[in-house]
Amino acid sequence: MKLLKDDYIVRVKTISYIVDAKPEVEYDIDELQKIASLMSVDKIHFIDETGTIYSGSIPNTLDIALILVHIWLSLNNIKQL
């Protein structure tokens, strides 16, 4: 398990290095998808200090997440937060 964790830490640091070297890719979905593929990861997310996803390799990821939360709340008869 530690080897897998270490492998993903290396991938995250590599992606960070790429974005630091070429900041314009941070908002370029096509480029982020290429980087994700090269790094053998499903997706890349950029999260601000509040924990909000503000960019990534999958368009509308935040919208999809919010929809899933609303569906889960509805299925469990929980009132909206």
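The text that follows walks through the structure, step by step, so that each part is easy to find.

Parameters at a glance
Residues numbered from 1 in each chain as written. Predicted model: local features only at pLDDT ≥ 70, side-chain atom pairs only at ≥ 80, totals over all residues. Heavy atoms only, no water. Salt bridge = Lys/Arg side-chain N within 4 Å of Asp/Glu carboxyl O. Helix = DSSP H or I, 4+ residues; strand = E, 2+ residues; numbered from the N terminus. Buried < 20%, exposed > 50% of the residue type's maximum accessible area, 1.4 Å probe, protein only. Arc of directions from axis to C-beta. Contact = heavy atoms within 4.5 Å. Polar contact = N/O pair within 3.5 Å; in protein donor to acceptor, adjacent residues only side chain to side chain. Phe/Tyr/Trp six-rings, centres within 6.5 Å; stacked < 30°, edge-to-face > 60°. Lys NZ or Arg CZ within 6 Å of the ring centre and 35° of its normal.

1. Describing the pattern of salt bridges
Evaluated as defined, the whole model comprises two salt bridges. Between arginine 11 and aspartate 7 there is a salt bridge; the shortest N-O distance is 2.6 Å. Of this pair, arginine 11 and aspartate 7 are both found in helix 1 (residues 2-21), four residues apart, which corresponds to roughly one turn of the helix. A salt bridge links glutamate 31 to lysine 34; the nearest nitrogen and oxygen atoms lie 3.9 Å apart. A residue pair is termed a helical-turn pair when its members lie 3 or 4 positions apart in one helix, as glutamate 31 and lysine 34 do in helix 2 (residues 29-38) at three residues. On the basis of relative accessibility, which here comes to 23%, the residue glutamate 31 falls in the partly exposed class.

2. A few points about helix 2
Listing the buried residues of helix 2 in full gives Leu32, Ile35 and Ala36. Buried positions in helix 2, seen along its axis, are confined to an arc of 100° and lie on one side of it. Away from its buried face, by an angle of more than 90 degrees, helix 2 presents the exposed residues Asp30, Lys34, Ser37 and Leu38. Where the residues of helix 2 are buried, they touch helix 1, strand 1 (45-47) and strand 2 (53-56). With a side-chain oxygen lying 3.2 Å from the backbone nitrogen of aspartate 30, the N-terminal cap of helix 2 falls on aspartate 28. Two residues or fewer past helix 2, serine 40 is found with a positive phi of approximately 55°.

3. Some points on the environment of tyrosine 8
Locating tyrosine 8 in the fold gives a position in helix 1. Distance in space between the C-alpha atoms of tyrosine 8 and methionine 39 is 9.5 Å, their sequence separation being 31 residues.

4. A closer look at the packing of aromatic side chains
Counted under the stated rule, the structure contains two aromatic pairs. Between the aromatic rings of tyrosine 27 and tyrosine 54, the centroid separation amounts to 6.0 Å while the plane-to-plane angle is 50°, which identifies the pairing as tilted. Taken together, the residues span a long stretch of sequence, with tyrosine 27 in the loop between helix 1 and helix 2 and tyrosine 54 in strand 2 at a distance of 27 residues. Tyrosine 27 gets classed as exposed once you look at its relative accessible area, which sits at 57%. With a relative accessible area of 35%, tyrosine 54 lands in the partly exposed category. Their ring planes at 40° and their centres at 6.1 Å tell us that phenylalanine 46 and tyrosine 54 sit as a pair that is tilted. Overall, phenylalanine 46 belongs to the buried group, its relative accessible area being 13%. Taken together through their ring pairs, the aromatic side chains of Tyr27, Phe46 and Tyr54 make up a single cluster. The cationic tip of arginine 11 hangs over the ring face of tyrosine 8; the distance from NZ or CZ to the ring centre is 4.5 Å.

The analysis is restricted to geometry; functional conclusions fall outside its scope.
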